[in-house]
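# Structural features, examined
Listed below are the residues making up each chain.
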Amino acid sequence: MQSKMYFYGGAGSVTGSNFMLDTGGRKILVDCGLFQGEHALDESNWEPFKFDPKEVSVLINTHAHIDHIGRIPKLVRDGYTGKIISTEATKALAEPMLYDALELNRHEAQKHGKEPLYDEKDIEKALSQWEGIPYHEEHDLGDGITFQFYNSGHILGSAMAKFSRDGRSIVFTGDLGGGNSPLLPLAEEPQGVQYLVMESVYGDKKREDDTNRRERLEDIIEDTIARKGTLLIPAFSTERTQDLLFEIRTLMLEKKVPSVPVYLDSPLADKITEAYMRYPTYFNEDIEKRIEGGEHVFDFPELHFVRDVEESKNIYKKGEPRIILAGSGMSNGGRVIGHEQVILSDEQSTLLIVGYQAAGSLGRKLAEGMKKVTIHAETVQVRAKVATMYGYSAHMDGEQLLEFVNKMDDTLEEVFVVMGEPASAGFLVQRIRDYLGTKAISPEVGAVATIEL
Ligand SMILES: [Zn+2]
């Protein structure tokens, strides 16, 4: 049998994940994410879908990051009435993520003189079509296709989607975790796979040695406290915030760092953290046991949840030093920008960048060492220390991605490298060809491929 693969988004770029597997009798959509770049909401999100949403048979969603779910309510608004299937934890996380994205959506739409992509009703409708299922459970999608989720170790509930027909399979990796989370189990390695559609965010990067990452975090905290400054950490509300809360909590409980106030200035992260606590079985064994034993692994006496913007401004009236975690993780929106406006010009303070920064984002400029940046039309001189630390990265690095492919190589026939900037995807493609001798390409957005499935 033959199927067709359509690369509608997340090809030639990291964000906007959106693929279709057309098996002849079924049009299976995998992910429907937002495009993000210089702005948290790129203009291209307003373009109509390149397929008819009414003709989609089912939508399979790999995980709750907004670049994988952010256009789902638009899909529903444009006529999609079928099922949306993800893991149970992904469904729980998607709800606060989508409502939060709506705020941003309204703001950006106004700025561009456009209508918002969707409204509350579209989110409600999407959630009513949404079904959460556990990992490994096999589902019949019709047309001879079965499907199941495997753990991808990237964020809570994140999954790879494997589709099979007549003993042949294709796996969409979604995003792959590199085993850096203190909370999550390792990514699984599905076997008997002929085709792989895989991410490549860090396809051309080698992660720093992270064996001492908790000690490095400890050093950065101690250094900032000694200078009586603010440690500001832009953090994605999902996974990175929980990883960091867990680590800072551990350091403070073990008295490895002085007790100073820690502010979580992200109402979304607050809700996501609550949702995390409801799905203990999705964590690694140690954390699962601790949560089931009644331990709140993200809460500690120094932690303050900042509810509104007023409270956010009051943080600075209370005397230093302090630690602030705020979104967005790439400094292209959210409350972190207000804090950057305050602390970047302060030489006692530290900005700690812990995750991927999209090209064009303020976070990327700061990570690359820019000394003068513009925030809310105001020029800010960067005098604060800017530290980067990718030891908590939620993605596999180039070596791990290659090893991941290597472990499936016996049966693999072709690898489609996606969800990476062109240099990164291209580098990984070359290495898969050179080291493993396996056919690999990085399709452009809009590309179509024929596969034997
Ligand atoms: Zn992700």
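### Considerations on the overall build of the protein
Along the protein, the regular secondary structure elements total 13 helices and 22 strands. Against the 2.2 N^0.38 benchmark of 22 Å for 453 residues, the protein shows a C-alpha radius of gyration of 21 Å, consistent with a compact globule. Along the longest, intermediate and shortest principal axes, the C-alpha atoms of the protein span 65 × 45 × 45 Å. When each of the 453 residues of the protein is scored for burial, the buried share is 49%. Of all intrachain contacts in the protein linking residues separated by at least 6 positions in sequence, the fraction that spans at least 24 positions is 74%.

### Things to note about the pairing of strand β7 (residues 139-142)
Strand direction decides the pairing type here: β7 and strand β8 (residues 145-151), joined by three bridges, are antiparallel. Residue H139 lies in a different strand from β8, and its bridge partner there is F147. What sits between β7 and β8 in their antiparallel hairpin is a turn of two residues, with D143 showing a positive phi close to 55 degrees.

### Section: helix α13 (residues 422-436)
In this model α13 runs 21 Å from its N-terminal to its C-terminal C-alpha over 15 residues, within 8% of the 21 Å that 1.5 Å per residue would give. Listing the buried residues of α13 in full gives S424, A425, L428, V429 and I432. One side of α13 holds all its buried residues, which, seen down the axis, span an arc of 135 degrees. Among the exposed residues of α13, those pointing more than 90 degrees away from its buried face are A423, D434 and Y435.

### As for the packing of helix α3 (residues 88-111) against helix α4 (residues 120-128)
Between two packed helices, what matters for the description is the angle formed by their axes and the separation of those axes. Put simply, α3 and α4 touch, their axes get as near as 10 Å, and they point 165 degrees apart. Classified by the interaxial angle, the pair formed by α3 and α4 is roughly antiparallel. Note on packing geometry: the crossing formed by α3 with α4 is right-handed. Across from E95, L98, Y99 and L102 in α3, the residues of α4 making contact are E120, I123 and L127.

### Details of the packing of α3 against helix α7 (residues 267-277)
In the contact formed by α3 and α7, the axes pass within 9 Å of each other and the chain directions differ by 170 degrees. Overall, the two elements α3 and α7 adopt an arrangement that is roughly antiparallel. On α7, the residues that touch A92, L93, P96 and D100 of α3 are L268, K271, I272 and A275. Looking at the contact of α3 with α7 residue by residue, the class counts come to six nonpolar, no polar and two charged.

### Quick look at the nonpolar core
Here is a general trend for soluble globular proteins: nonpolar side chains tend to be buried in one another's company. With 129 residues, the main nonpolar core has F19 and L196 as its most contacted residues. Among the elements that take part in this core, α3 stands out by supplying eight residues, more than any other. Residues from two domains meet in this core; each of domain 1 (2-205 + 394-452) and domain 2 (213-388) gives at least three. Once you skip the residues sitting within four places of it in the chain, F19 turns out to touch M5, Y6, F7, Y8, G10, V30, D31, F172 and V197.

### Notes on α7
Among the residues making up α7, those that are buried are L268, A269, I272, T273, A275 and Y276. Looking down the long axis of α7, one finds its buried residues gathered within 160 degrees of arc, a one-sided arrangement. Those residues of α7 that are buried are in contact with α3, α6 (240-253) and β13 (262-265).

### What about the sheet that holds strand β16 (residues 350-353)?
Across the sheet, which stays open at both edges, the six strands sit in the order β14-β13-β15-β12-β16-β19 with parallel pairing between neighbours. Edge positions in the sheet fall to β14 (303-305) and β19 (385-388), since each has one partner strand and no second. Strand-to-strand twist in this sheet, taken as the mean axis angle between neighbours without regard to direction, amounts to 20 degrees. Two elements, strand β12 (residues 230-234) and β16, share two bridges in a ladder whose sense is parallel. Of the residues in β16, the one forming a bridge with L232 is L351. Across the sheet, helix α10 (residues 336-343) is in contact with β12, β15 (322-326) and β16; its angle to β12 comes to roughly 145 degrees.

### With respect to the sheet that holds strand β2 (residues 18-22)
Pairing is mixed in the open sheet, where seven strands are placed in the order β6-β5-β4-β3-β2-β1-β22. Each edge of the open sheet carries a strand with a single partner, namely β6 (130-133) and β22 (448-452). Across the sheet, the mean angle separating the axes of adjacent strands is 25 degrees when strand polarity is ignored. Against the sheet, α3 makes contact with β5 (83-87) and β6, and its axis sits at roughly 110 degrees relative to β5, the strand it touches most.

### Some points on the domain arrangement of the protein
Assigned domains of the protein: these are domain 1 (2-205 + 394-452) and domain 2 (213-388). Look at where the C-alpha atoms of domain 1 and domain 2 centre, and you get two points 28 Å apart. Grouping the constituent residues of the side of domain 1 that touches domain 2 by class yields 17 nonpolar, eight polar and four charged.

### Remarks on unusual backbone geometry
The amide bond that connects E320 to the next residue, P321, takes the cis arrangement and shows omega of -5 degrees. Mapping P321 onto the fold places it in the loop between α9 (309-314) and β15. Each neighbour pair has its own omega, and for G327 with S328 the value is 5 degrees, a cis peptide bond. Within the secondary structure layout, S328 lies in the loop between β15 and α10. In the Ramachandran plot, H136 falls in the positive-phi region, its phi being about 75 degrees despite a non-glycine side chain. Relative to the assigned elements, H136 resides in the loop between β6 and β7. On the basis of neighbour counts, which here come to 12 C-beta atoms within 10 Å, the residue H136 falls in the exposed class.

Reading guide: rules and limits
- Residues numbered from 1 in each chain as written.
- Predicted model: local features only at pLDDT ≥ 70, side-chain atom pairs only at ≥ 80, totals over all residues.
- Helix = DSSP H or I, 4+ residues; strand = E, 2+ residues; numbered from the N terminus.
- Rg over C-alpha atoms; globule rule 2.2 N^0.38 Å.
- Buried ≥ 20, exposed ≤ 12 C-beta atoms within 10 Å, placed from the backbone.
- Contact = placed C-beta atoms within 7 Å.
- Pairing = 2+ DSSP bridges.
- Expected span 1.5 Å × (residues − 1).
- Arc of directions from axis to C-beta.
- Axes fitted to C-alpha atoms, helices over the stretch in contact; angles between N-to-C directions.
- Parallel < 35°, antiparallel > 145°, perpendicular 65-115°, else oblique.
- Left-handed = near helix turned anticlockwise from the far one by under 90°.
- Nonpolar A, V, L, I, M, F, W, Y, C, P; charged D, E, K, R; others polar.
- Core = buried A, V, L, I, M, F, W, Y, C linked by C-beta atoms within 7 Å.
- Domains from an automatic or database assignment.

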